[in-house]
Amino acid sequence: MGTIEYHKLVRDRIPEIIRAAGKSCEVRILEPEEYKKKLREKLNEEVAEYQDSMDPAELADILEVLLALGKTHGVDPEGLEQMRREKAGRAGGFRDRIELISVQDDQ
């Protein structure tokens with residue numbers, strides 16, 4: 001037996017799940033600015049996990065982190081979706097699989 005240190009943001013029910021498995025854990029509640037920082041770290045972690053595994057289930061984890069980040073900016077899921085729709089209306093989405101190779105200034 002031993003202690004493994006993580007110092008990372010986890011989903012809300014993880015401590016409960018750990019305790020239900022007969023283990024103990026130490027947790028703390030993050031201050032708002034540290035929470036934002038840990039969410040950004042978690043986003044990078046989840047994106048890396050998706051890139052390594054290509055498992056679409058990892059996209060749900062990325063989305064969960066994005067929704068939490070949005071909330072730290074005072075934006076709810078509907079607000080994020082509205083922003084997404086507005087950007088898609090202005091610049092399009094990614095459906096057409098376009099890769100920009102170069103731009104020449106012809107003036």
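Residues numbered from 1 in each chain as written. Predicted model: local features only at pLDDT ≥ 70, side-chain atom pairs only at ≥ 80, totals over all residues. Heavy atoms only, no water.

Caption draft 1: Looking closely at the overall build of the chain. Within the chain, the regular secondary structure consists of four helices and zero strands. Each helix and strand of the chain, ordered N terminal to C terminal, gives the series α-α-α-α. When the backbone C-alpha atoms are referred to their principal axes, the chain occupies close to 70 × 30 × 25 Å. A total of 107 residues make up the chain; the buried ones form 12% of that total. Summarising the internal contacts of the chain: among those between residues at least 6 apart in sequence, 43% fall at separations of at least 24. Counting only carbon and sulfur atoms, one obtains 54% of the accessible surface of the chain, whose full area is about 9800 Å². Taking the 18 positively charged and 24 negatively charged side chains of the chain as two groups, their mean positions are separated by 3 Å. (Helix = DSSP H or I, 4+ residues; strand = E, 2+ residues; numbered from the N terminus. Buried < 20%, exposed > 50% of the residue type's maximum accessible area, 1.4 Å probe, protein only. Contact = heavy atoms within 4.5 Å. Areas by Shrake-Rupley, 256 points an atom, 1.4 Å probe, with all protein chains shown as cover. Lys, Arg positive; Asp, Glu negative; His and termini not counted. Charge placed at Lys NZ, Arg CZ, Asp CG, Glu CD.)

Caption draft 2: Geometry of the pattern of salt bridges. Taken as a whole, this structure holds ten salt bridges when the rule is applied. Between Lys37 and Glu41 there is a salt bridge, and its shortest N-O distance comes to 3.6 Å. Of this pair, Lys37 and Glu41 both sit in helix H2 (residues 32-53), four residues apart, which is roughly one turn of that helix. Overall, the relative accessible area of 37% leaves Glu41 in the partly exposed class. For Arg85, the salt bridge goes to Glu81, with nearest N and O atoms at 3.3 Å. Of this pair, Arg85 and Glu81 both sit in helix H4 (residues 77-91), four residues apart, which is roughly one turn of the helix. (Salt bridge = Lys/Arg side-chain N within 4 Å of Asp/Glu carboxyl O.)

Caption draft 3: Looking closely at the packing of H2 against helix H3 (residues 57-72). As a packed pair, H2 and H3 sit with axes 9 Å apart at the nearest point and diverge in direction by 160 degrees. With respect to their mutual orientation, H2 and H3 come out roughly antiparallel. The interaxial crossing formed by H2 with H3 has left-handed handedness. Across from Tyr35, Lys36, Leu39, Arg40, Lys42, Leu43, Glu46, Val47, Glu49, Tyr50 and Ser53 in H2, the residues of H3 making contact are Glu58, Leu59, Asp61, Ile62, Val65, Leu66, Ala68, Leu69 and Thr72. Residue composition of the contact of H2 with H3, grouped by class: eleven nonpolar, two polar and seven charged. (Axes fitted to C-alpha atoms, helices over the stretch in contact; angles between N-to-C directions. Parallel < 35°, antiparallel > 145°, perpendicular 65-115°, else oblique. Left-handed = near helix turned anticlockwise from the far one by under 90°. Nonpolar A, V, L, I, M, F, W, Y, C, P; charged D, E, K, R; others polar.)

Caption draft 4: Representation of the layout of surface pockets in the model. Estimated volume of the largest pocket: approximately 1600 Å³. Taken together, 35 residues line the largest pocket, and the ones lying closest to its centre are Lys8, Leu9, Val10, Glu26 and Val27. Put simply, the parts of the chain that give the lining of the largest pocket at least two residues each are helix H1 (14-20), H2 and H3. Top contributing element to the lining of the largest pocket by residue count: H2, with eight residues. Residue classes in the lining of the largest pocket are distributed as 16 nonpolar, four polar and 15 charged. Of the volumes computed, that of the second largest pocket is approximately 230 Å³. In this structure, the second largest pocket is lined by Arg84, Lys87, Ala88, Ala91, Gly92, Gly93, Phe94 and Arg95. Considering only residue class, the lining of the second largest pocket consists of three nonpolar, two polar and three charged. (1 Å grid on protein atoms, 1.4 Å probe; cavity = no way out; pocket = protein on both sides within 12 Å on 5 of 7 lines; lining within 4 Å. Points joined across faces, edges and corners; volume = space filled by probe spheres on them.)

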